[in-house]
Amino acid sequence: MFSFEGDFRRKPQQNLAGASAQRKTDREALILQSQQQRQKREEHRKQLHSAIKIQAFVRSYLTRKHCKQIEREEFDNIFTKCDAENQSLITLLLAKILFFYDDKKDCARLVSISQVLLKQWKRVFQSCGSSIQIRRLLALHLRLLKDDSKVPLAVPLRMIEVFTSTSSFESSMTSNEVVNNIGTTFLYLVKRGYFKDLRLLLCQKTPPLYGPSPNPPTQLSAALLDLIQRPLQLISQINVPEYSDTVVTEFTAAFLCNPYPEPVEMFVLPALINDPNKRFPFLSLLHSLYMDKFTSGRLVNDSWLLHSILTLEPPDFVNSLLQIDNTRLPHNRIVLEYLKIIAKLTVNVCNKQITYEYEDSLYSQETAADNDDDSDSDTEPNPTSIREQMLLTKCIELLNEPDRCIMTMCSQITDSELCDEFLDSMSKICHNLLLSHRTALHKYRLLYTLAFKPIFLRDLWQWLSNMSHESSFGGSATPLLSALSRGMGSDTSVIGVHKLLAPLAVFCALFSLLIGTLHDTEFFRDTEGDEKMIITSSSTACSGRAHAFDFSELGGLCRTLKQVCLGLVELAYPEYRPSVIGQYKDAVGNYQLELSDKNQTPAWAHLFKVCTQLLRALYARDARLGFCASHPGSPLSAAWTAAGPIVPGDGAEAALAAARTPRSARPYRAYVPRLSQADHDEGPPLTIKELRTVTILREIPFVVPFSTRVLIFQGLLIREKHEHWYEMTNFNEGPSIIISVRRTHLYEDAFGKLSPENEPDLKLKLRVQLINQAGAEELGVDGGGLFREFLSELLKSAFDPNRGLFRLTKDNMLYPNPGVHLLYDDFPMHYYFVGRIAGKALYENLLVELPLAEFFLAKMCSTREPDVHALASLDPALYRGLLMLKSHRREDVPDLGLDFTIVSDELGEQRCNAFKRGLTSVVNAEWIRMFSCRELQLLISGAEVPIDLDDLRRHTQYGGPFSEAHATVKCFWRVVETFTDEQRRQLLKFVTSCSRPPLLGFKDLQPPFCIQSAGDGREASICNTSRRGLRTELSKSIKRN
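Predicted model, so just to flag it, every value in this text is computed and none were measured. (Residues numbered from 1 in each chain as written. Predicted model: local features only at pLDDT ≥ 70, side-chain atom pairs only at ≥ 80, totals over all residues. Heavy atoms only, no water.)

Participant: It is not clear to me how the overall build of the chain should be interpreted in this structure. Could you clarify?
Facilitator: Counting its regular elements, the chain contains 49 helices and 10 strands. Counting over 1041 residues, the chain shows a buried share of 47%. Within the structure as shown, the chain displays about 53,200 Å² of accessible surface, and the carbon and sulfur contribution to it stands at 52%. (Helix = DSSP H or I, 4+ residues; strand = E, 2+ residues; numbered from the N terminus. Buried < 20%, exposed > 50% of the residue type's maximum accessible area, 1.4 Å probe, protein only. Areas by Shrake-Rupley, 256 points an atom, 1.4 Å probe, with all protein chains shown as cover.)

Participant: Just to check I follow, could you spell out a nonpolar patch on the surface for this structure?
Facilitator: Together, Ile54, Phe57, Val58, Tyr61 and Leu62 make up a nonpolar patch on the protein surface, roughly 510 Å² of accessible area in all. Judged by its relative accessible area of 42%, Tyr61 is partly exposed. (Patch = residues over 30% accessible without salt bridge, like charges linked within 9 Å, V, L, I, M, F, W, Y side chains within 5 Å. Salt bridge = Lys/Arg side-chain N within 4 Å of Asp/Glu carboxyl O.)

Participant: Would you mind showing me how to read the side chain of Asp749 here?
Facilitator: With respect to the secondary-structure elements, Asp749 resides in helix α36 (residues 746-753). Judged by relative accessible area, which is 13%, Asp749 ranks as buried. A polar atom in the side chain of Asp749 sits 2.9 Å from the backbone nitrogen of Arg742. (Polar contact = N/O pair within 3.5 Å; in protein donor to acceptor, adjacent residues only side chain to side chain.)

Participant: Is there a simple way to think about the pairing of strand β5 (residues 736-742) in this case?
Facilitator: Within a regular beta strand, the side chains point alternately toward one face of the sheet and then the other, so they alternate between its two faces. Covered by surrounding structure in β5 are Ile737, Ile739 and Val741 only, the residues Ser736, Ile738, Ser740 and Arg742 on the alternate face being uncovered. A crossover connection joins β5 to the parallel strand β6 (residues 765-771) through α36; in handedness this β-α-β unit is right-handed. (Right-handed = clockwise from strand over helix to strand, strands pointing away.)

Participant: In this structure, what is going on with helix α6 (residues 154-163)? I would like to understand it.
Facilitator: An α-helical turn contains 3.6 residues, so a residue and the one three or four places further along point in the same direction. The buried count for α6 comes to seven of 10 residues, which makes it a mostly enclosed element. Among all positions in α6, only Val155, Pro156, Leu157, Met159, Ile160, Val162 and Phe163 are buried.

Participant: Whenever I open this one, the packing of aromatic side chains confuses me. Can you help?
Facilitator: Geometry of an aromatic ring pair is reported as the spacing of the ring centres plus the angle between the planes. One pass over the full model with this rule turns up 34 aromatic pairs. With centroids separated by 5.7 Å and ring planes inclined at 45 degrees, the aromatic side chains of Phe251 and Phe280 adopt a geometry described as tilted. Taken together, the residues Phe251 in helix α11 (residues 243-256) and Phe280 in the loop between α12 (262-274) and α13 (282-290) connect sequence positions 29 residues apart. As far as burial versus exposure is concerned, Phe251 and Phe280 are alike and both buried. Consider the rings of Phe806 and Phe856, whose centres lie 6.1 Å apart with planes at 70 degrees: the pair is edge-to-face. Of this pair, Phe806 sits in strand β7 (residues 806-808) while Phe856 sits in helix α39 (residues 854-861), and the two are 50 residues apart along the sequence. (Phe/Tyr/Trp six-rings, centres within 6.5 Å; stacked < 30°, edge-to-face > 60°.)

Participant: I would appreciate a short explanation of the nonpolar core in the present structure.
Facilitator: Looking at soluble globular proteins, one finds that nonpolar side chains tend to be buried together. If you look at the biggest cluster of nonpolar residues, it comprises 255 residues, and the most contacted ones within it are Ile406, Met426, Phe456, Phe507 and Phe511. Per element, the largest residue contribution to this core is 12 residues, and it comes from helix α27 (residues 501-516). Dropping the residues within four chain positions of it, Ile406 is found in contact with Tyr338, Leu339, Ile342, Leu399, Met426, Ile429 and Leu446. Leu949, Leu952, Val969 and Trp973 belong to the second-largest nonpolar core, a separate cluster that totals 14 residues. (Core = buried A, V, L, I, M, F, W, Y, C linked by side-chain atoms within 4.5 Å. Contact = heavy atoms within 4.5 Å.)

And the structure:
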């Protein structure tokens, strides 16, 4: 509708800002809109560009297809009219087929033209211009072989055989030109899979083989082997650049790496090594591997390559090396190169779990800690196939053959200037072998041969000691052994402590084996008035060292190893969680990875094991020789005790930690030790300090002072007694054992009443009622003293040589009687019973004077067999005879007529085991292992030290009217002060049944030394008369009892 009012014409309204001004758009939306539009334009541009490329490719393909079809038709027309003698026409046909060849369409044409070439092969060789076409044509024949087509193999194989033969070119070229021409052809083919195609064909056409043999099973196998060997034989003659490296690398990748098939293992490798006319280029192979093809991925470092290298080593390899370089093998550059390669390849040996069908008896030589470590690995599945295990076993056998290069080189270690490269490579090889099997040190010839090379061990230790880390901030270099001793090494990429892993483990393992075979007299003495032994080598006429170190050097070696072991404990249980990942974190964390440069959990665990084993062996030897003493007469414990507080507090915390630590918790596990539910219920998890303390007490307890360990041992016993109500202060409170025995038949009555069937838990409180000769019960109540008297007399009766359970050595030390079976049919039960009673004496802190043989005590506190030094006490004649036999030359030993077998059980394995089972049924075996055999003797019988009268007075209790100020008491002490040490011992034995004071003083005497009135007034009259009267009465009482 129109308005009839006002101006009926409206003026047009124009906005000069444009249409966009009408929309209210913020900055962010505008930017997003621009980006979307730009992206759409970019996508459109890419689509257009892709369409152009696709169209160009399709047009190119269609054009090529059309051109190839035209060339194919021309080839067919020319070939039907071709004259075989027309060389130019044949060259034209070759050019055409190389242009249009298709695997699906032109196989017949390729065979046809190849047959023509084979008929006129001499004229083809005379035409040097066709060599490039021939190479390309041979590459097509390789594709025929690989495709496994229905085309007969005769023509492709004949083509390769004819046109790669040096005899084919001899009439038209010089010898150098022939070798270079054929070498260029082979290089062209090898880069296009020559070896891989031949291996595939060999696997397809070779029948099943029943064993390794260098003889070809078929004619085709012989032809293929010849084609495999041809490019290898040209290596020493050709001058083509990169030929040797390329050919050897491709041959290794095709035939020597990865799980190779049966024809390669059974036929190709034996044929390559046993062909006298065609020597395998082993040096070229070593040079190729030395150039490190593993990091680039061209080769695979696996078990098969290790087996191939060891198998292909020529029998006269050492002689050929000496002809090239007459340097001694440990310094020969080629040998050092070979060692580096073997060191890199033998990592496959320690990566795998090698098992043997028959395990020898050497496992008994391991400590309980070692047995616990190995028991965990039994539950893990073995990822290695049986075939690979057999292959690795064969590799180790080849490596340890005496006529091999490495073993021959070890026999030539006679000088003391071995280069660092040799020590580095040899230590890595030995380390890998040590990690391959738990008894590798005794199984493998290479290891125990080097163990008896003191010069090698000495140079290895010097090289270890000189290893250092240069700080990037300047200053003096830090020795790696010092860094490891301080627990450093979590960030191994910076510190470099991982460099010590292989050489230190090898040194400790080999040196442990060496010193185990040395007599005490073979440990070198300094020349100042002492004798130095010179041992004549069995293999050479020159005299050599039997020990790797001088006597004066062993002290420093032991101190360094002690600090290294403590550093390894710190490294296993760090005080903080490291922020880096690598070898250290893998060594203590839950990482089930393959052993490599980043995960070396088994290697760190092995290092800790062998270091502690060597330290224990040196400690046992130092107990007899004292080479660690700082000066003559200084105590042994002072030299071995670690500086600073190892055990926190007074030992009570360590006792609690040791009591609630699971036995499976060992350092350097592949997993973090997890406590059982019962362990969680007992209290919070162990702290880092507690874990370190428990580890030290289990592995190297002698670095803790003996007095501290005794405190820990007593603390463990007290804690167990309180937790199980074994120790009650009030009379008749809590469970107990009450027996009555005849004083004249202590052993017989106790054996029956305290048998495991009647009293299975001998840790309970024991109260005894003695019966006199008349059959009446003796008066008195057992408040502890009667029990101690009973236990002391019972042990004396049990260990009495007249009873027949034990006998005396030449130096009057007790050990189980080898002929006990003639006296007791159930002798294991008797030894078990005696072991329980001895354990009860330890449990009750009762000293009993029993001179036990050291080799017998060694059975109690260690699982290792006693060494030859035990025979000095057991059988001196046999001991001297063995030492004389040891000094004989090896070739003279058969003349002694010692080839006989005799079975003897003088050490009493069954009897010792029964005694040990009885002992550990009362006292925890882990607690006993804190002490050496000599320390265990002190724990049982006490020390031969003068009685400290002041200490006795401080810890004496008084009863009745007596006190320290009483006149009778003063008179008593004045009399005792006049006693000799022997009389004081008799007094102590009269009161406590033992003439030796407690190990830690009279404060530990239970029950305490007590003086009380007898109630009849005699003591006052005696005292008032004179001190002589009291002395007389004391002497009468001691003698009467």
